[in-house]
Amino acid sequence: MYRRTLRVLDRPGLASKHSVNRPPTPDEEDVSEDFEKDELTLREIINIKLVESGEKENLMELVRDRLVESGWKDEMRIACREHVKKKGRKNVTVDELIRVITPKGRASVPDYVKEELLNRIQNFIVSAAL
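Residues numbered from 1 in each chain as written. Predicted model: local features only at pLDDT ≥ 70, side-chain atom pairs only at ≥ 80, totals over all residues. Heavy atoms only, no water.

- Within an unreviewed UniProt entry, the label attached to the chain reads Transcription and mRNA export factor ENY2, and the organism entered is Arabis nemorensis.
- In the Subunit (unreviewed entry) part of its UniProt record, the chain is described as follows: "Component of the nuclear pore complex (NPC)-associated TREX-2 complex (transcription and export complex 2). Component of the SAGA transcription coactivator-HAT complex. Within the SAGA complex, participates to a subcomplex of SAGA called the DUB module (deubiquitination module)."
- Comment text from UniProt for the chain, heading Sequence similarities (unreviewed entry), reads "Belongs to the ENY2 family." (UniProt positions renumbered as here; feature names shortened; annotations may be inferred.)

**Section: the environment of Arg77**
Inference 1: Mapped onto the secondary structure, Arg77 falls in helix H6 (residues 72-87).
Inference 2: As for Arg77 and Ile101, which are separated by 24 residues in sequence, their C-alpha atoms are 9.6 Å apart. (Helix = DSSP H or I, 4+ residues; strand = E, 2+ residues; numbered from the N terminus.)

**Concerning the packing of helix H5 (residues 55-70) against helix H8 (residues 111-128)**
Inference 1: Orientation of H5 relative to H8, taken along the N-to-C sense of each, is 165°, at an axis distance of 10 Å. One way to sum up the angle between H5 and H8 is to call them roughly antiparallel. By crossing handedness, the relation of H5 to H8 is classed as right-handed. Residue-level inspection shows Glu55, Asn58, Leu59, Leu62, Val63, Arg66, Leu67 and Ser70 of H5 in contact with H8, the latter providing Tyr112, Val113, Glu116, Leu117, Arg120, Ile121 and Phe124.
Inference 2: Its residues assigned to classes, the contact of H5 with H8 shows nine nonpolar, two polar and four charged. (Axes fitted to C-alpha atoms, helices over the stretch in contact; angles between N-to-C directions. Parallel < 35°, antiparallel > 145°, perpendicular 65-115°, else oblique. Left-handed = near helix turned anticlockwise from the far one by under 90°. Contact = heavy atoms within 4.5 Å. Nonpolar A, V, L, I, M, F, W, Y, C, P; charged D, E, K, R; others polar.)

**Thoughts on helix H7 (residues 94-107)**
Inference 1: For H7, which comprises 14 residues, the first-to-last C-alpha distance of 20 Å matches the rise-based estimate of 20 Å (1.5 Å per residue) to within 8%.
Inference 2: The largest bend in H7 is about 35°, located at Ile101, with the proline Pro103 one to four residues further on.
Inference 3: The complete set of buried residues in H7 reads Glu96, Leu97, Ile101 and Gly105.
Inference 4: Buried residues along H7 sit against H6. (Expected span 1.5 Å × (residues − 1). Bend = angle between axes of the 7 residues up to and from the residue. Buried < 20%, exposed > 50% of the residue type's maximum accessible area, 1.4 Å probe, protein only.)

**Regarding helix H4 (residues 42-53)**
Inference 1: Over its twelve residues, H4 runs 16 Å from end to end, which matches the ideal 16 Å to within 8%, given 1.5 Å per residue.
Inference 2: Immediately beyond the C-terminal end of H4, within one or two residues, lies Gly54, with a positive phi of roughly 85°.

**With respect to the nonpolar core**
Inference 1: With nine residues, the main nonpolar core is built from Leu67, Trp72, Met76, Ala79, Val92, Leu97, Ile101, Val109 and Val113.
Inference 2: Of all elements in the fold, only H6 and H7 reach the threshold of two or more residues within this core.
Inference 3: A per-element tally of this core places H6 first, with three residues.
Inference 4: In this view, Leu97 contacts Cys80, His83, Val84 and Val92; residues no more than four positions away in its chain are not counted. (Core = buried A, V, L, I, M, F, W, Y, C linked by side-chain atoms within 4.5 Å.)

**With respect to the environment of Thr102**
Inference 1: Inspection of the secondary structure puts Thr102 in helix H7.
Inference 2: Distance from Thr102 to Met76, taken between C-alpha atoms, is 9.2 Å for residues 26 residues apart in sequence.

What follows is the structure, given as structure tokens:
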């Protein structure tokens, strides 16, 4: 067995070929960085708790209702139609429409909707003792 290994190592290219696919041994710094990446952020923990409790779905429904009540949804529909009309129906893709309308949509969400959502999330965090 030992001689066979030596013969393989004596052949040019064979010994290095086997070690090419082997990943390098990680340094201690690399291991600690990977460990830190595995830890959840506070935002991720809150999101997990919201999903597990079903509160996230309740909050999504609340936001949908408030945006419809405020007329935001109609404004976005009109903005989409105007963009399509301006560019031509066949010249607009869904991706382009999303790219153009998203900043307008985010900027035009009424402050009272944002405040209500924030208050509900804060109350959830307090009640869940996070």
